[in-house]
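Inside the fold
In case you want the letters, here they are:
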Amino acid sequence: MDVGGTVAEGFEPVRDAFVRNFETLGDRGAAVAVYRDGHKVVDLWGGTKDVDGTAPWERGTAQVVRSATKGVAAAVLLLLHQRGQLDLDAPVGHYWPEFKARGKERVLVRHVLNHRAGLPVLDRPLTPQDALDPLKGPEAVAAQAPVWEPGTDHGYHALTYGWLLDEIVRRVTGQGAGAWLASQVTGPLGLDLWLGLPESEAGRVGRVGRVEGAEPTGGLRARPKRSVTEAYEDPASLTRRAFAAISPFPDQNDPAYRASALPATNAMATADGLARFYAALIGDTDGAARLFTPQTVELARAEESAGPDRVLVVGTRFGLGYMLHGSASPFLTPGSFGHPGRGGALGFADPETGIAFGYVTNGFRKTVTADPRAQGLVRAVRGVLSL
């Protein structure tokens with residue numbers, strides 16, 4: 001396997017794990033980056049840029065990271081709170097009056113981030129064309145009645161998370177989350193990470209598709225327990241309805257989809273861009289001051305929701321906008337916070353060790369939260385640190 005990039009002394013096991021992903025786990029094209037205390041210690045890439053192509057993956061190749069987008073977008077709300085522009089305990093309707101309809105007066109901004117808003121589904125799913133309209137998604141969520149009493153339980157808001165977050169940002173700042181992120185975070189830091197891909201960068205993003213490989217272990221697996229399988233197969237279940245809030249789901253290789261900004265699902269990133277984003281959340285990076293204060297880091301990773309997830313049908317843990325280390329989504333240590341992308345991508349930070357991690361791939365598997373390729377890389381990092 002021809003792998004490009006470098007690893008710092010002592011991090012060679014991460015390279016070995018990366019190679020195994022191609023040899024035994026079906027990777028076609030991928031990259032991984034790791035920062036420690038703001039300095040890059042792993043920067044690897046290999047395979048092909050397109051899942052169905054032959055052109056090589058190069059330094060700077062980017063991919064859609066699916067739900068790993070949620071952790072990136074969450075930083076927008078937390079930074080607005082950190083700057084005093086947003087109250088996490090205010091009702092969403094305080095900023096977005098139309099949202100109050102149909103019993104949603106008590107939905108707090110906090111509930112959007114911790115998946116307790118009771119709005120994981122749409123009774124009338126959006127078409128792919130409507131989903132890309134920045135007004136249609138928020139309008140649909142504002143017209144939706146909660147499926148449980150907001151604040152009383154949690155369930156993964158797979159797609160509606162993005163419209164909820166985006167409209168709050170728009171009402172507070174006058175910009176959508178993607179534009180705010182570009183002007184305030186990714187642009188100033190020079191990150192190869194976009195929520196709304198500029199036409200000038202379109203040639204860097206590879207085509208994605210499904211791949212097969214050896215059976216994964218941990219998390220939501222390709223062969224999950226019967227209750228999970230039944231939930232995904234039942235058209236009336238919250239699970240099926242949450243992932244079908246856009247129906248059919250847009251083609252992720254469509255330039256129009258990539259150019260849009262859906263803060264739940266369609267950020268484009270290099271592995272380095274994703275890793276350095278998380279490195280910047282927890283510490284100074286490449287001469288740039290950290291984004292999150294220590295207090296905001298604690299907000300991100302303090303447990304807000306835990307236990308049986310009404311949508312994913314397994315136990316999940318969430319802070320404010322971030323998944324937390326647990327059996328459904330293992331990160332590095334119990335103090336880690338981040339977000340996986342369904343079928344592959346992963347980004348997270350671990351403040352205690354100073355580690356920030358990013359993995360992107362063009363080959364999506366059946367996994368929902370704990371892809372075996374990303375997990376093998378995380379285990380290698382854990383071994384290097386003797387954790």
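Keep in mind the model is a prediction, meaning the values are calculated, not measured. (Residues numbered from 1 in each chain as written. Predicted model: local features only at pLDDT ≥ 70, side-chain atom pairs only at ≥ 80, totals over all residues. Heavy atoms only, no water.)

Examining the sheet that holds strand E7 (residues 268-269)
The cut-off we apply is this: By this definition, two strands are paired if DSSP reports at least two bridges between them. By definition, any uninterrupted DSSP run of H or I lasting at least four residues is a helix, any uninterrupted run of E lasting at least two residues is a strand, and each is numbered from the N terminus.
With respect to topology, three strands assemble into an open sheet ordered E4-E7-E5, the strand pairing being antiparallel. Bordering the open sheet on either side are strand E4 (63-64) and strand E5 (193-194), each of which pairs with just one other strand. Across two bridges, the pairing between E5 and E7 is antiparallel. Residue pairing in the sheet places Trp194 in a bridge with Met268 of E7.

Examining helix H2 (residues 69-82)
Note the following rule: One less than the number of residues in a helix, times 1.5 Å, gives the span that helix is expected to have. Burial status follows relative accessibility: with a 1.4 Å probe on protein chains alone, a residue under 20% of its type maximum counts as buried, one over 50% as exposed, and anything between as partly exposed.
Compared with an ideal rise of 1.5 Å per residue, which puts 14 residues at 20 Å, H2 spans 20 Å between its outermost C-alpha atoms and is within 8% of the ideal. Among the 14 residues that make up H2, 12 are buried, leaving the element largely enclosed by the rest of the structure. Immediately downstream of H2, the backbone of Gly84 shows phi near 80 degrees, a positive value.

Brief notes about the side chain of Thr333
Just so we agree on the cut-off: Residue contacts are defined here by distance: any two heavy atoms, one from each residue, within 4.5 Å place the two residues in contact.
Inspection of the secondary structure puts Thr333 in the loop between strand E10 (323-324) and strand E11 (337-340). Overall, Thr333 belongs to the buried group, its relative accessible area being 13%. With residues up to four places along the chain from it excluded, the contact list for Thr333 reads His325, Asp350, Thr353 and Leu387.

Describing the nonpolar core
Nonpolar side chains in soluble globular proteins generally cluster together in the buried interior. Put simply, the rule reads: The term nonpolar core refers to a set of buried residues drawn from Ala, Val, Leu, Ile, Met, Phe, Trp, Tyr and Cys, joined through side-chain atoms within 4.5 Å.
Core analysis: the largest hydrophobic core is formed by 118 residues, its most contacted members being Trp163, Leu281, Phe292, Tyr322 and Phe337. Excluding residues within four positions of it along the chain, Phe292 makes contact with Ala75, Leu78, Leu79, Gln82, Ala280, Leu281, Val297, Ala300 and Tyr322.

A word on the confidence of the model for the chain
Threshold: Each residue gets a pLDDT score, which is the predictor's confidence in that residue and runs from 0 to 100.
On average, residues of the chain score 95 in pLDDT, and 96% of them are at 70 or above. With pLDDT under 50 throughout, residues 216-223 is counted as low confidence; its partners more than four residues away or in other chains account for 20 contacts.

Here we look at the environment of Ala101
Its place among the elements puts Ala101 in the loop between helix H3 (92-95) and helix H4 (109-113). Between the alpha carbons of Ala101 and Gln144 there is a distance of 8.0 Å; along the sequence they are 43 residues apart.

Considering the pattern of salt bridges
Any two side chains of opposite charge can pair, given that their charged atoms come close. So the rule is basically this: Throughout this description, the term salt bridge denotes a Lys or Arg side-chain nitrogen within 4 Å of a carboxyl oxygen of Asp or Glu.
For the structure on display, the rule yields 22 salt bridges. A salt bridge links Asp153 to Arg310; the shortest N-O distance between them is 3.8 Å. Residue Asp153 is located in the loop between helix H6 (136-142) and helix H7 (160-173), and its partner Arg310 is located in the loop between strand E8 (305-308) and strand E9 (315-318); the two are separated by 157 residues in the primary sequence. Residues joined in a network through salt bridges with shared partners are Lys40, Asp43, Arg59, Asp272, Arg276 and Asp286.

Some remarks on H7
A rise of 1.5 Å per residue sets the reference length of H7, with its 14 residues, at 20 Å; its end C-alpha atoms lie 20 Å apart and thus fit the reference within 8%. Within H7, 10 of the 14 residues are buried, leaving the element largely enclosed by the surrounding structure. Listed in full, the buried residues belonging to H7 are Thr160, Tyr161, Gly162, Trp163, Leu164, Leu165, Asp166, Glu167, Ile168 and Val169. Against the buried residues of H7 lie H2, H3, H4, helix H5 (128-131), H6 and helix H8 (177-189).

A look at the packing of aromatic side chains
The following threshold applies: Centre distance within 6.5 Å is the pairing criterion for rings of Phe, Tyr and Trp, where only the six-membered ring of Trp is used; planes under 30 degrees apart are then read as stacked, over 60 as edge-to-face, and the remainder as tilted. Any Lys NZ or Arg CZ that is within 6 Å of a ring centre and within 35 degrees of that ring's normal is treated as a charge sitting over the ring.
Under the definition given, this model contains 12 aromatic pairs. Measuring from centroid to centroid gives 5.0 Å for Trp96 and Phe99, while their planes differ by 40 degrees, and the two rings are tilted. This pair shows no difference in class: Trp96 is buried, exactly as Phe99 is. Geometrically, the ring pair formed by Tyr278 and Tyr322 is edge-to-face, given 6.3 Å between the ring centres and 70 degrees between the ring planes. You can see Tyr278 sitting in helix H12 (residues 271-282) and its partner Tyr322 sitting in the loop between E9 and E10, a full 44 residues away along the chain. Across the pair, Tyr322 and Tyr278 agree in class, each one buried. Chaining the aromatic ring pairs together yields one cluster made of Tyr156, Tyr232, Phe243 and Phe318. Lying over the aromatic face of Phe99, Lys104 brings its terminal NZ or CZ to 5.1 Å of the ring centre. The side chain of Arg342 reaches across the aromatic face of Phe243, ending 4.5 Å from its centre.

Concerning the environment of Thr285
What counts, and what does not: Polar contacts, as counted here, are pairs of nitrogen or oxygen atoms within 3.5 Å of one another; within protein the pair requires one atom able to donate a hydrogen and one able to accept it, and residues that are adjacent in sequence qualify only if both atoms are side-chain atoms.
Locating Thr285 in the fold gives a position in the loop between H12 and helix H13 (294-301). Put simply, Thr285 and His339 are 54 residues apart on the chain and 20 Å apart in space, counted from C-alpha to C-alpha. A polar side-chain atom of Thr285 sits 3.4 Å from the main-chain carbonyl oxygen of Ala279. A distance of 3.2 Å separates a polar atom in the side chain of Thr285 from the backbone oxygen of Gly283.

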